Each structure stands twice: as structure tokens, then as C-alpha cells.
Amino acid sequence: GTRTAVWTAALMGCGAMAAGFALGIGAGLAVAAYLTITLAYSRWGKHVPYLELGGIAAGFVLRAVVGAAAIGIGMSIAFLIVIGAASAFLAIGKRYSEMLELGDRAPQHRPVLAAYTTDGLEGLLWGTMAVAVLGYSAWAVSAETGEVGMHPLVLSIVPMAAAALRASRRIF
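It should be emphasised that the depicted structure is a prediction, and the values quoted were computed from it without experimental measurement.

Cut-off values and rules
Residues numbered from 1 in each chain as written. Predicted model: local features only at pLDDT ≥ 70, side-chain atom pairs only at ≥ 80, totals over all residues. Heavy atoms only, no water. Salt bridge = Lys/Arg side-chain N within 4 Å of Asp/Glu carboxyl O. Helix = DSSP H or I, 4+ residues; strand = E, 2+ residues; numbered from the N terminus. Buried < 20%, exposed > 50% of the residue type's maximum accessible area, 1.4 Å probe, protein only. Expected span 1.5 Å × (residues − 1). Arc of directions from axis to C-beta. Contact = heavy atoms within 4.5 Å.

Student: I'd like to hear about the pattern of salt bridges, residue by residue, with values.
Tutor: By the definition in use, this model includes 4 salt bridges. For the salt bridge of R95 with E52, the shortest nitrogen-to-oxygen distance reads 2.7 Å. Pair noted here: R95 is in helix α4 (residues 77–102) and E52 is in helix α3 (residues 51–71), with a separation of 43 residues, a long-range link. Considered together, R95 and E52 belong to a single accessibility category, that of buried residues. Exposure remark for R95: the relative accessible area of 3% places this residue in the buried category.

Student: So what's going on with unusual backbone geometry? Residues and values would help.
Tutor: With a phi close to 70 degrees, Y50 is a non-glycine residue in the positive phi region. Structurally, Y50 can be placed in the loop between α2 (25–43) and α3. The class of Y50 is partly exposed, set by a relative accessible area of 46%.

Student: Describe in detail helix α8 (residues 157–171), supporting the description with residues and values.
Tutor: Between the first and last C-alpha of α8 there are 21 Å, a value that for 15 residues agrees with the 21 Å anticipated at 1.5 Å per step. Taken as a whole, α8 has its buried residues at I157, A164 and S168. When α8 is viewed along its axis, its buried side chains cluster within an angular range of 40 degrees and face the same direction. In this structure, α8 carries V158, R166, R169 and R170 as exposed residues pointing more than 90 degrees from its buried face. Looking at the buried side of α8, the elements it contacts are α6 (118–142) and α7 (152–155).

Note that all results are geometric; they support no functional claim without further evidence.
Right, here's the structure in full:
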């Protein structure tokens, strides 16, 4: 029953914390942040407009942070911007699709949807997509490749932007 589920979750959370700290302080702290955000989202955050979107996006970002910390590599600010914006895009897109699909019934499915409008979510989708493309562009331009002159990563901006535009055509 419920008691078993709570104990199982607590044990798994402790195991995740132990594994995280075994990989290093950075990974352990990221796992702790992930568990804290997940618990807060589950208890009350999912009912708070916009905060719930941030909680979902933060979960994706923290998974990447844990992975980087686990293998001992750094993450650039540009990469964190890209992953954060793309994660927010996914969370907002999910809410947007629920509103379109369910129409007036959307708040019965997920009460927090009553606080959103499709126009507002569309604006957020465009904004997060633009931030992801700009963040990726900043990373591609600033990446150290050891090559002289324009490096191939700059050319990768074109497919990134094309993919973002394709995604927008599927959504809007």
C-alpha cells in the first residue's frame, strides 16, 4: 500500500544520494537538488502555475548536471542555457498540447491549466526556442576546437535552427 511505496521511495532516494556522493560532491549535490525539486513538485509545485514548468525543466537540467559531474567534465554556461531552454520548451509544449487537445476540459485533467492561455504558452514556446538556438549559437561560436579560422561547429548552427523551425511547424 501507501506505506510500502513511501518506504520504497525513501530507500531509493537514499540509494541515489549515496551513489551520487560516491561519484563526487558535485554529483551528490545535484542528486540532492533533483530529489528536493521532485519532492516539492510532487507535493505542491505541480499546482503552482509557471513554477511547475520550471520544476519540470529543472529536472532535465539536473539530470545532465549529474551526468557531467559523474564523469568529471565541466559544462559551459551556453550548454546549460541550451538544455534549460530546450527543457522548458518541452514542458511548455506538453501543457500547450494538453490545452489544445482537451479544450475546455483541460482544467479538469490538470487544474493548473486553468491559469494558462494558449496565446501565453505560444509566446513562451517561441521564446524558449529562440533562447535555445541563440545559446547553441553562442556555444558553437565560442567552442575551442583548436582549428584556425571558422570551425565546423559554426556550420552546425544551420541544422540546429532548421530543427527548431521544424519543431515549431509541428506545434503551431
